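Inside the fold
What follows is the residue order along each chain.
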Amino acid sequence: GSIVHVLGARPNFVKAAPVIGALRAANAEQAVVHTGQHYDERMSEIFFHELGLPEPDVNLGVGSGSHAAQTAALLTGLEGEFTSRSPALVIVYGDVNSTIAAALVAAKLHIPVAHVEAGLRSFDMTMPEEVNRRLTDQLSDLCFATSPEAVGHLAREGVPVERVHLVGNPMIDTLLANLDKFDTARVRAEHGLPERYVLATMHRPANVDAPETAAALVRHLHGVADLADLVIPVHPRGRANLLAAGLDDHPGVHVLEPLGYIDFVAAVRGAAAVVTDSGGLQEETTILGVPCLTVRPNTERPITITHGTNRLVGFEELVPAARKVLEAGHVDASRKPPLWDGQAGPRIADVIMEYLGDQPA
Ligand code: UD1
């Protein structure tokens, strides 16, 4: 059997690209199963093209639904796929519903599982991602960690040490590999953006699902827009509530469609600051040296605070924190997390090739 990558949602695509590339260089036999969790052209296809990902061998077309309905469709679709393909190894990424579903199906079929981005913990079980992360790690034969504290979390949860590999951050591999393509001037011109702006993204259920919370958030985002123009590419999840709360009823707010990877990171690179509830963006701003205000009570990526540009803020702290960051005009970006050096993909591929070489045929 081949190595099967299971990809479903936007951040998965960014993390998988360097792993697939490194395994290709090692002449591994690979297949890509797209679950179809994300299906809009701007949430999926554009990433495959920009990142040089191979066309998926199959798309299960699972689509959206409640957690139970979506996960059930994922389990059924993936079981059929794994049964017919008999993979030598299934690789799952991050913390989305496609991740836990694939790990669970593979474990029940006695197919080994590798989890890329293992061991992250927010210790907040109200986040669906935290449930997905914890369970996926328990089911994984190989756990690839991006940071030392992730290794500690896995050890405390009883994951045998020989399963855990600190390899660095594949999302940063993709970032560094594309650095010369992030042309902020072009993106500014194409989207009519001002010279100086704050870039915002908001899509966490806790921030956008309840209309009252979304409305409160919009008031604070307008407060930021009073300080500097606010550019916000809108994820489909929060779109209706944020717009219903009047997000674009402010002259300084520029609402955009979701951007492709290259345009998005170019916009981030040129931003005076970032306001977000995304996980990956906390990491990307750390490497780009852009100040990041994360509108969440916790983060599964504390290394972006201790070794990066990130800071957690509550709703009430957002505007004062933005004012401070904009007045300072810079942030201390001298420290970077260890191993976030663009070589995580090759490290992961080395471990996988050795692991598969040791398996009885
Ligand atoms: C998912 C992940 C989240 C991740 C995010 C990145 C889970 C539990 N959550 O959240 O961790 O940060 O992806 O983007 O897996 N929709 C579209 N078009 C699409 C995809 C979604 O319109 O291509 C809309 C649908 O209305 C859907 C909603 O967005 O109901 C939510 O999509 P879903 O995949 O369930 O979760 P995300 O919020 O995208």
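Further up the page is the structure itself.
Overview of the structure.

Cut-offs and rules
- Residues numbered from 1 in each chain as written.
- Predicted model: local features only at pLDDT ≥ 70, side-chain atom pairs only at ≥ 80, totals over all residues.
- Heavy atoms only, no water.
- Near = heavy atom within 4 Å.
- Polar contact = N/O pair within 3.5 Å; in protein donor to acceptor, adjacent residues only side chain to side chain.
- Areas by Shrake-Rupley, 256 points an atom, 1.4 Å probe, with all protein chains shown as cover.
- 1 Å grid on protein atoms, 1.4 Å probe; cavity = no way out; pocket = protein on both sides within 12 Å on 5 of 7 lines; lining within 4 Å.
- Sits in = over half its atoms within 2 Å of the grid points.
- Helix = DSSP H or I, 4+ residues; strand = E, 2+ residues; numbered from the N terminus.
- Pairing = 2+ DSSP bridges.
- Axes fitted to C-alpha atoms, helices over the stretch in contact; angles between N-to-C directions.
- Contact = heavy atoms within 4.5 Å.
- Phe/Tyr/Trp six-rings, centres within 6.5 Å; stacked < 30°, edge-to-face > 60°.
- Buried < 20%, exposed > 50% of the residue type's maximum accessible area, 1.4 Å probe, protein only.
- Parallel < 35°, antiparallel > 145°, perpendicular 65-115°, else oblique.
- Nonpolar A, V, L, I, M, F, W, Y, C, P; charged D, E, K, R; others polar.

Surrounding the ligand, one finds 19 residues, the nearest of these being His38, Asn97, Glu129, His203 and Arg237. Contact distances for the ligand include 2.8 Å between an oxygen atom and a side-chain N or O atom of Gln37. Residue His235 places a side-chain N or O atom 3.0 Å away from an oxygen atom belonging to the ligand. Alone, the ligand offers 740 Å² of accessible surface; in the complex the protein occludes 85% of this. Here the ligand is seated within the largest pocket. Sorting the residues of the shell around the ligand by element identifies helix 3 (67-85) and helix 11 (236-244) as the ones contributing at least two each.

So, on to the sheet that holds strand 12 (residues 292-294). On the basis of which strands lie adjacent, the open sheet formed by six strands has the order 10-9-8-11-12-13 and parallel pairing. Both outer strands of the open sheet, strand 10 (253-256) and strand 13 (310-312), are each paired with one neighbouring strand and no more. Between one strand and the next, the sheet's axes are offset by a mean angle of 20°, whatever the strand orientation. In terms of strand pairing, strand 8 (residues 197-201) meets strand 11 (residues 273-276) through four bridges, oriented parallel. The residue bridging Leu199 from the neighbouring strand is Val274, located in strand 11. Most of the contacts of helix 12 (residues 261-269) go to strand 8, to which it runs at about 135°, and overall it touches strand 8, strand 9 (229-233) and strand 11. Against the sheet, helix 15 (residues 315-328) engages strand 8, strand 11, strand 12 and strand 13, with an angle of about 175° to strand 12.

The seven strands lie next to each other as 3-2-1-4-5-6-7, forming an open sheet whose pairing is parallel. Pairing within the sheet leaves two strands with one partner each, and these edge strands are strand 3 (58-59) and strand 7 (164-166). Alignment of strand 1 (residues 3-7) against strand 2 (residues 30-34), held across five bridges, turns out to be parallel. Bridging across to strand 2, His5 finds its partner in Val32. Packed on one face of the sheet, helix 4 (residues 97-108) meets strand 1, strand 4 (89-93) and strand 5 (113-118) and runs near 160° to strand 4. Sheet strands in contact with helix 16 (residues 344-358) are strand 1, strand 4, strand 5, strand 6 (142-145) and strand 7, and its direction is about 170° off that of strand 6.

Summed over the entire model, instances satisfying the criterion amount to three aromatic pairs. When the ring of Phe13 is compared with that of Phe47, the centres are 6.4 Å apart and the planes differ by 50°; the resulting orientation is tilted. One end of the pair, Phe13, is in helix 1 (residues 10-25); the other, Phe47, is in helix 2 (residues 45-50), with 34 residues separating them in the sequence. Judged by its relative accessible area of 0%, Phe13 is buried. Measuring from centroid to centroid gives 5.9 Å for Phe182 and Tyr261, while their planes differ by 70°, and the two rings are edge-to-face. Of the two residues, Phe182 is situated in the loop between helix 7 (170-177) and helix 8 (184-191) and Tyr261 in helix 12; the sequence distance between them amounts to 79 residues. Using a relative accessible area of 4% as the deciding quantity, one classes Phe182 as buried. Every member of this aromatic cluster is reached through a ring pair, and the members are Phe13, Phe47 and Phe48.

What follows deals with unusual backbone geometry. Residue Ser86 is not a glycine yet carries a positive backbone phi of 40°. Relative to the helices and strands, Ser86 is located in the loop between helix 3 and strand 4. By relative accessible area, Ser86 is classed as partly exposed at 45%. Look at Phe123: it is not a glycine, yet its phi comes out positive at around 55°.

Relative orientation of the contacting elements helix 8 and helix 12 amounts to 105°, with a least axis distance of 8 Å. When the axis of helix 8 is compared with that of helix 12, the two are roughly perpendicular. Only Ile262, Asp263, Ala266, Ala267 and Arg269 of helix 12 make contact with helix 8, whose side of the interface consists of Thr184, Arg186, Val187, Glu190 and His191. For the contact of helix 8 with helix 12, a count of residues per class yields four nonpolar, two polar and four charged.

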